[in-house]
Amino acid sequence: MNILIVGSGGREHALAWKLRQSTSVGKIYCAPGNAGMESVGTTVPLKATDLEGLVRFAQDHAVDLTVVGPEQPLVMGIADMFHDHKLAVFGPTAAAARLEGSKVFAKDFLYRHGIPTARFGSFDAASAREAEAFIDGLSVPLVVKADGLAAGKGVVICQTKAEARIAFREMIEARVLGAAGDKVVIEEFLAGEEASVFAICDGERFVTLPCAQDHKRILDGDRGKNTGGMGAYAPAPVMTPDLLHRVEREIIHPTLEGMKNEGAPYRGCLYAGLMVTEDGPKVLEYNCRFGDPETQVVIPLIDGDLAVLLSASASGSLEGLTPAFHEASAVCVVMASRGYPDAYESGKIIRGLDSAEVEKGEIVFHAGTRREGDTIITAGGRVLGVTVVGYEHELEATIDAAYRLVHRIAFDGAYYRSDIGKKALKHLRNRNS
Ligand code: AMP
Ligand code: GLY
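Let us look at the structure shown here. (Residues numbered from 1 in each chain as written. Chains lettered and ligands numbered in written order. Predicted model: local features only at pLDDT ≥ 70, side-chain atom pairs only at ≥ 80, totals over all residues. Heavy atoms only, no water.)

### Notes on the packing of helix H5 (residues 94-101) against helix H6 (residues 103-112)
Argument step 1. For the pair H5 and H6, the least separation of the axes is 6 Å and the interaxial angle reads 95°. As judged from the angle between their axes, H5 and H6 are roughly perpendicular. Contacts between H5 and H6 involve Arg98, Leu99 and Gly101 from the former and Lys103, Phe105, Ala106 and Phe109 from the latter. (Axes fitted to C-alpha atoms, helices over the stretch in contact; angles between N-to-C directions. Helix = DSSP H or I, 4+ residues; strand = E, 2+ residues; numbered from the N terminus. Parallel < 35°, antiparallel > 145°, perpendicular 65-115°, else oblique. Contact = heavy atoms within 4.5 Å.)

### Overview of the pairing of strand E9 (residues 183-188)
Argument step 1. Relative to E9, strand E6 (residues 120-124) runs antiparallel, the two sharing 5 bridges. Looking at E9, one finds that aspartate 124 is bridged to lysine 183. (Pairing = 2+ DSSP bridges.)

### Quick look at the site of ligand 1
Argument step 1. Around ligand 1, the structure places 14 residues, and the nearest of them are Glu187, Leu190, Glu194, Lys216 and Glu285.
Argument step 2. Measuring from an oxygen atom of ligand 1, one finds a side-chain N or O atom of lysine 103 at 3.4 Å.
Argument step 3. In this structure, glutamate 194 approaches ligand 1 through a side-chain N or O atom, which is 2.3 Å from an oxygen atom.
Argument step 4. Its free accessible area being 470 Å², ligand 1 has 89% of it covered by the protein chains.
Argument step 5. Those elements that place two or more of their residues in the shell around ligand 1 are strand E7 (142-146), strand E8 (155-158), E9 and strand E17 (280-287).
Argument step 6. Here the residues of the shell around ligand 1 are counted per class, giving 7 nonpolar, no polar and 7 charged. (Near = heavy atom within 4 Å. Polar contact = N/O pair within 3.5 Å; in protein donor to acceptor, adjacent residues only side chain to side chain. Areas by Shrake-Rupley, 256 points an atom, 1.4 Å probe, with all protein chains shown as cover. Nonpolar A, V, L, I, M, F, W, Y, C, P; charged D, E, K, R; others polar.)

### Considering the site of ligand 2
Argument step 1. Every residue near ligand 2 is listed here: Asp214, Lys216, Gly228, Tyr271, Asn287, Arg289, Gly291, Asp292, Pro293 and Glu294.
Argument step 2. Interatomic distance of 2.7 Å between a side-chain N/O atom of aspartate 214 and a nitrogen atom of ligand 2.
Argument step 3. Protein chains shield 89% of the accessible area of ligand 2, which is 200 Å² for the free molecule.
Argument step 4. In terms of residue class, the shell around ligand 2 is made up of 2 nonpolar, 3 polar and 5 charged.

### Topic: the sheet that holds E6
Argument step 1. The strand order across the open sheet built from 4 strands is E6-E9-E7-E8, with neighbouring strands paired in antiparallel fashion. Of all strands in the sheet, those bounded by a partner on one side alone are E6 and E8. Direction aside, neighbouring strands of the sheet carry axes that sit 20° apart on average.
Argument step 2. One ladder, built from 5 bridges, connects E7 with E9; its direction is antiparallel. Looking across to E9, one finds that alanine 146 is bridged to valine 184.
Argument step 3. With respect to the sheet, helix H7 (residues 128-137) is in contact with E6, E7 and E9, its orientation differing from that of E6 by roughly 155°.
Argument step 4. The strands that helix H8 (residues 161-172) touches are E6, E7, E8 and E9; relative to E7, the one it contacts most, it runs at about 5°.

### Observations regarding the sheet that holds strand E15 (residues 231-234)
Argument step 1. Taken in spatial order, the 5 strands make up an open sheet running E12-E15-E20-E24-E21, and their pairing is antiparallel. Of all strands in the sheet, those with a lone pairing partner are strand E12 (213-214) and strand E21 (362-366), marking the two edges.
Argument step 2. Bridge count between E12 and E15: 2 bridges; the pairing is antiparallel. Within E15, the residue paired with aspartate 214 across the bridge is alanine 232.

### What to know about helix H1 (residues 10-20)
Argument step 1. By the criterion of burial, H1 is predominantly enclosed, with 10 of the 11 residues buried.
Argument step 2. Those residues of H1 that sit buried are Gly10, Arg11, Glu12, His13, Ala14, Leu15, Ala16, Trp17, Lys18 and Leu19. (Buried < 20%, exposed > 50% of the residue type's maximum accessible area, 1.4 Å probe, protein only.)

### With respect to the pattern of salt bridges
Argument step 1. In the structure shown here, the tally under the stated rule is 32 salt bridges.
Argument step 2. Two residues, arginine 165 and aspartate 136, come together in a salt bridge whose shortest N-O distance is 2.8 Å. Of this pair, arginine 165 sits in helix H8 while aspartate 136 is found in helix H7, placing the two residues 29 residues apart along the sequence.
Argument step 3. Assessed through its relative accessible area of 44%, aspartate 136 is described here as partly exposed.
Argument step 4. The closest approach of N and O atoms between lysine 348 and aspartate 412, which form a salt bridge, is 3.4 Å. Separated by 64 residues along the polypeptide, lysine 348 in the loop between strand E20 (329-336) and E21 and aspartate 412 in the loop between helix H12 (395-407) and helix H13 (422-432) bring together distant segments of the chain.
Argument step 5. Here lysine 348 falls in the partly exposed class, since its relative accessible area comes to 24%.
Argument step 6. In this structure, a network of salt bridges that share partners links the residues Asp220, Asp222, Arg417, Asp419 and Lys423. (Salt bridge = Lys/Arg side-chain N within 4 Å of Asp/Glu carboxyl O.)

### Digging into unusual backbone geometry
Argument step 1. Each neighbour pair has its own omega, and for alanine 234 with proline 235 the value is -10°, a cis peptide bond.
Argument step 2. Positionally, proline 235 belongs in the loop between E15 and helix H9 (241-261).
Argument step 3. Residue aspartate 222 is not a glycine yet carries a positive backbone phi of 55°.
Argument step 4. By the secondary structure assignment, aspartate 222 is in the loop between strand E13 (217-219) and strand E14 (223-226).

### Notes on H8
Argument step 1. Between the first and last C-alpha of H8 there are 16 Å, a value that for 12 residues agrees with the 16 Å anticipated at 1.5 Å per step.
Argument step 2. Within the span of H8, buried status applies to Ala164, Ala167, Phe168, Met171 and Ile172. In an axial view of H8, the angular spread of the buried residues amounts to 120°, which keeps them on one side of the axis.
Argument step 3. Those residues of H8 hidden inside the fold are in contact with E6, H7, E7, E8 and E9. (Expected span 1.5 Å × (residues − 1). Arc of directions from axis to C-beta.)

Right, dumping it as structure tokens:
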């Protein structure tokens with residue numbers, strides 16, 4: 001089967017890399033892709049949001065399955081458009097993608113279906129007074145969230161009620177996030193450890209993949225600004241088998257049931273961003289797609305044909321499919337451009353990319369890169385996802401191997417966190433002692 005992958009980040013490179021290994025896959029097209037994806041497929045100069053262009057491309061190039069990476073085209077309705085043209089697509093419809101596209105929808109949905117999440121209220125300009133009263137009634141810290149997609153800038157953790165009032169007014173009155181902030185969710189702060197669970201869904205059934213942990217802040221020790229994600233590892237020991245069963249039973253299953261009963265069956269990857277609290281796992285957010293950089297560590301752990309799994313999700317036929325996973329650990333360290341997550345540099349030559357040894361499980365997933373003649377240059381905030389799959393290693397050795405690979409790669413102003421995976425080691429030590 002021929003595959004079109006929509007997107008241009010490390011997540012899409014990881015999907016393309018894995019699909020390239022599927023015996024069932026013929027041609028792979030990447031729209032728009034990046035310099036790394038040129039080695040696994042044909043890049044196509046179409047934006048991820050050019051929905052009509054993508055439909056036309058799929059028709060003209062006998063594409064059998066389109067795999068959508070980022071949320072924006074999904075929220076815009078790319079899956080609906082492909083369905084209208086009788087084209088197979090991996091990803092939810094616009095109605096189902098509201099689980100990510102609207103935090104008010106997602107929170108109301110969770111509440112309606114009794115799925116564990118932080119206590120919350122939702123407000124708009126007309127209910128600003130009620131919002132102030134709601135803030136007064138919560139204890140600090142508390143969290144203010146813009147309803148719509150805001151590229152990682154829509155969540156403010158507030159240490160005081162005064163901060164929360166300011167964050168609310170900035171979204172509602174000053175409209176610093178534009179229409180994304182027309183409605184706002186205010187919720188209690190959940191303490192615990194975060195984990196990302198991906199469920200591949202076919203509208204009724206699902207399979208979960210190994211749990212990953214992201215590192216969202218720019219600085220070591222989870223300090224500094226929020227980013228798209230600075231590194232990840234899997235499997236994350238915070239998610240014990242018992243906890244994962246609970247997540248499936250209390251969160252994923254009722255979500256699929258609820259979406260089906262509300263007339264928006266969920267197909268594609270359901271990304272549950274969870275907080276593992278003292279009272280058990282609770283939903284922080286839903287995303288309607290794979291996570292980035294979690295995909296770079298989760299997908300290599302699948303022992304089998306990814307194309308079969310994704311097309312079964314697209315066609316509603318997951319029944320009987322139980323994917324196998326490697327007994328391995330994977331670690332991805334993101335190398336970013338100086339300045340990220342604010343204005344960052346670009347156009348820097350990247351050296352050492354050839355030093356990755358595939359047979360040792362070393363893979364450099366590209367994110368913000370571009371080819372210029374014979375060189376690869378930086379072209380984004382997050383530049384590379386330097387990844388090692390330790391087939392024979394414990395997590396600690398895989399972390400060390402990932403950093404050894406990072407040290408062989410260089411570009412001017414390269415920045416990375418030096419503590420990816422550290423939190424897991426604490427769990428593993430506790431478990432062994
Ligand atoms: P979201 O986009 O909703 O996942 O929020 C981004 C990040 O903000 C999450 O990954 C958490 O680190 C943090 N966050 C969001 N909501 C809460 C909450 N209720 N309690 C604690 N942290 C939160
Ligand atoms: N890694 C966080 C996300 O993909 O949203």
